[in-house]
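A look at the structure
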Amino acid sequence: MSTQASPAAEAEASEHGPANYEAPAPRSSKPTVPLPPDTVGYRFKRRMLGKAMHSEQLEHERLGKPTALAVFASDNLSSSAYATEEILHVLVPYFGLAAFSLVLPVTLAMLIVLGLLIISYRETIKEYPSAGGAYLVTRDNFGIVPAQVAGAALLIGYILTVAVSVAAGSAAIASTITGLEPYRVPLSLFFIVLIAYGNLRGVRESGKLFAAPTYFFMLNMALLIVWGIVSYSAGNLGHLGTFQAGMVEEGSHAGLMTAASAYVLAKAFASGGSAVTGVEAISNGVPAFRKVEWRNARQTLVIMGSGLGVMFLGLSFLASKIQVIPFESGTPTVLAQIGEVVYGHSGSGEFLSNMLNVATMLILVLAANTGFADFPRLANLQAGDSFLPRQLTKRGHRLVFSNGIIALAAAAAVLVVISNAAVTRLIPVYAISVFTGFTMSQSGMTKHHLRKREKGWVRGILANGVGAVLSGAIVIIVAITRFSDAWVVLPIMPLVVIILLRLNRQYERERVALETDVPAAATAPILRR
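Residues numbered from 1 in each chain as written. Predicted model: local features only at pLDDT ≥ 70, side-chain atom pairs only at ≥ 80, totals over all residues. Heavy atoms only, no water.

So, on to the overall build of the protein chain. Of regular secondary structure, the protein chain possesses 20 helices and zero strands. A buried classification covers 51% of the 529 residues belonging to the protein chain. Contacts in the protein chain between residues far apart in sequence, at least 24 positions, make up 82% of those at least 6 positions apart. (Helix = DSSP H or I, 4+ residues; strand = E, 2+ residues; numbered from the N terminus. Buried < 20%, exposed > 50% of the residue type's maximum accessible area, 1.4 Å probe, protein only. Contact = heavy atoms within 4.5 Å.)

Written out as structure tokens, the structure is:
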């Protein structure tokens, strides 16, 4: 005969379980094994970089368009500060004062290249919305080995981005404080350490740190260009055009229809290529944008290109009308001389000129942040493909690729010391590495359009094909016309590719050994250390 439990008993059983059920003892919040105390080094790191971040917080480290413009576009925008000067460095020693009638046409030709690059990288961002840019495009369309050429070019380019930016920033501040001229190398090294530290603190931290100087520079440039054009329209714009001690020597060659003149114009065009460096930075950092990543990245790219085009064209126009002759040492800069003429020598004019120089120094120094933002991401991608040490795939204390940041800072510091922080010596090497990446990327996109034949593929082939030809031509022109400065990158780039392939073979041998030698590994003696 069965017995039926009362409703009260059933309710108690359903709430507390069977009558003989014993609730488990509450779990202690303390770990069963005590954690070792933090080391002195870790405590120092936490004090310097802040509290360690969990991986789940990575999503909240994404950047909005205004901050992303400061992080990824500072290199590109800042190049307007020295691109016109690089063109004049080539034209004035050959054509003399006639160079000022040629600087605008050379600038317009370079802006056409800029437009083609913007169109190309808009397509790259949409088709390849993960970090990697030219590396991924080349790998997808030409294979893994050619991709290492693009990867090597980009890695070298980012190292030079840092070196060129801090060297140009040191020159800008030395234009204001002349006593700092002998200390440009220590200043450059200090800037490298400062920016590396900012990046080690995290993506958003570095974005907040670098946003204000970028917009401060853009505001100063807008004021300078508008003020200068208004003064020119009113007939009040000053004029230089006279030789002073320390300036580059003026040439006196006349006529443009000679082979020598064509060679010089090609050299000036290639030197002006420094203006479009940094275009690829946004395509290499798409994952850092807030959702929808590719759309926000494309919009930021257009804003960046438009801003650069206006500033580069405006400065070249003012330089041609004022007839600013660059100095051999690089200080005072062409931009600083333009500021003095446009603003005058009154109290307010001196203040505005100094503010322009400070803004230029800040943006040039912080332009190095583009290298720190993209080099670690690209190194992580290549390390994931087993072409760089695996340590570069690890995120550090603040969820950034700390090993990549430290490696980049060390390499850039070596370059600054070797070149004595001379921008003119670094620019040719910079241009070759950057435009090699451009050539590989646009050639890859051309093949991509041919393979996919998506809507608008004919227009894409035209833009990317012409861009690839122009980028390749600039590489050849720089290699020929600036061989005395650029020769060093010609053996270095193939050497880097060989090292990447050698490291990949080593990783492949280890992978095969781990798969096939399991019995041997299981019976091998355990090493004491």
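Picking up after the structure, the text goes on.
With that settled, consider the environment of valine 92. Inspection of the secondary structure assignment puts valine 92 in helix H4 (residues 80-95). When the C-alpha atoms of valine 92 and valine 324 are compared, they prove to be 9.8 Å apart, with 232 residues separating the residues in sequence.

We now examine the packing of helix H14 (residues 368-384) against helix H15 (residues 402-419). Think of two packed helices as two axes; the pair is described by the angle between the axes and how far apart they sit. Between H14 and H15, the shortest axis-to-axis distance is 8 Å and the interhelical angle comes to 125 degrees. As the angle between them shows, H14 and H15 are arranged oblique. In this structure, H14 crosses over H15, and the sense of that crossing is right-handed. Taken together, the residues of H15 that come into contact with H14 (itself represented by Gly371, Phe372, Phe375 and Pro376) are Gly404, Ile405, Leu408 and Ala409. Of the residues in the contact of H14 with H15, the class split is six nonpolar, two polar and no charged. (Axes fitted to C-alpha atoms, helices over the stretch in contact; angles between N-to-C directions. Parallel < 35°, antiparallel > 145°, perpendicular 65-115°, else oblique. Left-handed = near helix turned anticlockwise from the far one by under 90°. Nonpolar A, V, L, I, M, F, W, Y, C, P; charged D, E, K, R; others polar.)

With glycine set apart, most residues show a phi of negative sign, and most peptide bonds adopt trans. Residues lysine 291 and valine 292 are joined by a peptide bond in cis, for which omega reads 0 degrees. Within the secondary structure, valine 292 sits in the loop between helix H10 (259-271) and helix H11 (293-322). At arginine 453, a position not held by glycine, the phi torsion is positive, near 50 degrees.

On to the environment of alanine 171. Inspection of the secondary structure puts alanine 171 in helix H7 (residues 144-176). A C-alpha to C-alpha distance of 8.6 Å links alanine 171 and alanine 421, two positions 250 residues apart in sequence. Ignoring any residue separated from it by four or fewer positions in sequence, one finds alanine 171 in contact with Arg184, Thr331 and Thr333.

For the rest of this paragraph, the subject is the pattern of salt bridges. In a structure, side chains of opposite charge can pair up when their charged atoms sit close to one another. Going through the model one piece at a time under the given rule, you end up with five salt bridges. Ionic pairing is found between aspartate 385 and arginine 139, a salt bridge with its closest N-O pair at 2.5 Å. Of the two residues, aspartate 385 sits in the loop between H14 and H15 while arginine 139 sits in helix H6 (residues 134-142), which places them 246 residues apart along the sequence. Assessed through its relative accessible area of 29%, arginine 139 is described here as partly exposed. (Salt bridge = Lys/Arg side-chain N within 4 Å of Asp/Glu carboxyl O.)

Moving on, we get to the nonpolar core. Ranked by internal contacts, the top residues of the largest apolar core, which has 141 residues, are Phe72, Leu224, Val279, Ile338 and Phe372. Ranked by residues supplied to this core, first place goes to H7 with 17 residues. Not counting the four nearest positions on each side in its chain, leucine 224 is found in contact with Leu315, Leu318, Leu335, Ile338, Gly339, Val342, Tyr343 and Leu356. (Core = buried A, V, L, I, M, F, W, Y, C linked by side-chain atoms within 4.5 Å.)

This paragraph deals with the side chain of threonine 138. With respect to the secondary-structure elements, threonine 138 resides in helix H6. Aside from chain neighbours lying at most four places away, what touches threonine 138 is Gly143, Pro146, Ala147, Ala150, Met440 and Ser441.

Tallied over the entire structure, the rule returns seven aromatic pairs. Each ring, one from tryptophan 227 and one from tyrosine 343, has its centre 5.1 Å from the other, and the planes form 85 degrees; the classification is edge-to-face. Residue tryptophan 227 is located in helix H9 (residues 203-233), and its partner tyrosine 343 is located in helix H12 (residues 334-343); the two are separated by 116 residues in the primary sequence. Look at tyrosine 343 and you get buried, because its relative accessible area is 6%. Where phenylalanine 435 meets phenylalanine 438, the ring centres are 5.1 Å apart and the plane angle is 85 degrees; that geometry is what we call edge-to-face. On the criterion of helical spacing, the pair formed by phenylalanine 435 and phenylalanine 438 is a turn pair, its members being three residues apart in helix H16 (residues 423-452). We classify phenylalanine 438 as buried; its relative accessible area is 0%. Three or more aromatic residues joined by ring pairs make a cluster, and in this case those are Tyr121, Phe435 and Phe438. Sitting over the face of the ring of tyrosine 507, arginine 390 holds its NZ or CZ atom 4.3 Å from the ring centroid. (Phe/Tyr/Trp six-rings, centres within 6.5 Å; stacked < 30°, edge-to-face > 60°. Lys NZ or Arg CZ within 6 Å of the ring centre and 35° of its normal.)

To continue, consider the environment of threonine 439. For threonine 439, the location among the structural elements is in helix H16. Counting along the chain gives 25 residues from threonine 439 to asparagine 464, while the straight-line C-alpha distance between them is 9.2 Å. Setting aside residues no more than four positions away along its own chain, threonine 439 makes contact with Ala468, Ser471, Gly472 and Val475.

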